Amino acid sequence: MEGVCYLQDERITDFPTIYALVQQVVRNSPIGSMGLVYQSEGPWLWLRNPDDSVSSFEVLNLYVVNGQLLYRDWGANRSLGSIAVKLQD
């Protein structure tokens, strides 16, 4: 008997879904820790770093894999942290 194991990543890449998710996370985060900025090319997420500097990420390049918010960029994609998603009924 031969066993087969098939693993699949849970992936969210749809822009409207990611944008709604990011909006919800920003609304529920401490004031000044993150926010959204709207530029001509679309919305950007900004995050305050532990050293008080700010990093920004184009929302169009964000996606979620297995509960990790990731940023698609040149080279290795950057993890922005774990994220929990609450789906409405």
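Described below are features of the structure shown in this document. Within each chain, residue numbers correspond to sequence positions counted from 1 in written order. For this predicted model, a pLDDT threshold of at least 70 governs which residues receive local features, and a threshold of 80 or more governs which side-chain atom pairs are given and counted, while totals over whole chains, interfaces and linings are taken from all residues. Hydrogens and waters are ignored; side-chain quantities use all the structure's heavy atoms.

**Thoughts on the pairing of strand E6 (residues 68–71)**
Along a regular strand, successive side chains alternate from one face of the sheet to the other.
Logical step 1: Sheet topology places strand E5 (residues 62–65) next to E6; four bridges connect them, and they run antiparallel. The residue bridging Leu62 from the neighbouring strand is Tyr71, located in E6.
Logical step 2: Two strands are counted as paired when DSSP detects at least two bridges linking them. What counts as a helix is a DSSP run of H or I of at least four residues, what counts as a strand is a run of E of at least two, and both are numbered from the N terminus. In textbook terms, the turn of a hairpin is the stretch between consecutive antiparallel strands, and for E5 and E6 this stretch comprises two residues, one of which, Asn66, has a positive phi near 50°.
Logical step 3: Here E6 pairs with strand E7 (residues 78–82) via four bridges, running antiparallel. By the bridge assignment, Tyr71 is partnered in E7 with Arg78.
Logical step 4: Between E6 and E7, which pair antiparallel in sequence order, lie six residues; one of them, Gly75, sits at a positive phi of approximately 75°.

**Quick look at the layout of surface pockets**
Logical step 1: Using only the protein atoms, space was sampled on a 1 Å grid; points where a 1.4 Å probe fits but cannot get out form cavities, open sets with protein on both sides within 12 Å along at least five of seven lines form pockets, and lining residues are those with an atom within 4 Å of a point. Grid points are joined across faces, edges and corners, and a volume is the space filled by probe spheres set on the points. Empty space within the second largest pocket amounts to approximately 160 Å³.
Logical step 2: Taken together, Val22, Val25, Met34, Leu45, Leu47, Leu69, Leu80, Gly81, Ser82, Ile83 and Ala84 make up the lining of the second largest pocket.
Logical step 3: Looking at the lining of the second largest pocket, the elements with two or more residues in it are helix H1 (15–27), strand E3 (42–48) and E7.
Logical step 4: Of the residues forming the lining of the second largest pocket, the biggest block, three residues, is contributed by E7.
Logical step 5: Following the grouping adopted for this structure description, the nonpolar residues are Ala, Val, Leu, Ile, Met, Phe, Trp, Tyr, Cys and Pro, the charged ones are Asp, Glu, Lys and Arg, and the polar ones are all others, Gly among them. Split by residue class, the lining of the second largest pocket holds nine nonpolar, two polar and no charged.

**Description of the pattern of salt bridges**
Logical step 1: Whenever a carboxyl oxygen of Asp or Glu lies within 4 Å of a side-chain nitrogen of Lys or Arg, that contact is scored as a salt bridge. What the rule picks out here adds up to one salt bridge.
Logical step 2: The partner of Asp52 in a salt bridge is Arg48, with the nearest N and O atoms 3.7 Å apart.
Logical step 3: Its relative accessible area of 38% is what places Arg48 among the partly exposed residues. With a 1.4 Å probe rolled over the protein chains alone, any residue whose accessible area is under 20% of its type maximum counts as buried; one over 50% counts as exposed, and the rest are partly exposed.

**Some words on H1**
Logical step 1: To estimate the expected span of a helix, count its residues, drop one, and scale the result by 1.5 Å. In this model H1 runs 18 Å from its N-terminal to its C-terminal C-alpha over 13 residues, within 8% of the 18 Å that 1.5 Å per residue would give.
Logical step 2: Every buried residue of H1 is listed here: Ile18, Tyr19, Leu21, Val22 and Val26. In an axial view of H1, the angular spread of the buried residues amounts to 165°, which keeps them on one side of the axis. Away from the buried face of H1 by more than 90 degrees, exposed residues Pro16 and Arg27 are located.
Logical step 3: On its buried face, H1 is in contact with strand E1 (11–12), strand E2 (34–39), E3 and E5. It is the directions from the helix axis to the C-beta atoms that the arc portrays. Whether two residues are in contact is decided by their heavy atoms: any pair within 4.5 Å suffices.

**Some details on the side chain of Ser55**
Logical step 1: With respect to the helices, strands and loops of the structure, Ser55 is situated in strand E4 (residues 54–58).
Logical step 2: A distance of 3.0 Å separates a polar atom in the side chain of Ser55 from a polar atom in the side chain of Asn49.
Logical step 3: Not counting chain neighbours up to four residues away, the residues in contact with Ser55 comprise Leu45, Trp46, Leu47, Asn49 and Arg78. Identification of polar contacts relies on pairs of N or O atoms within 3.5 Å, with a donor-acceptor requirement for protein atoms, meaning one able to donate a hydrogen and the other able to accept it, and with residues adjacent in sequence counted only if both atoms are side-chain atoms.

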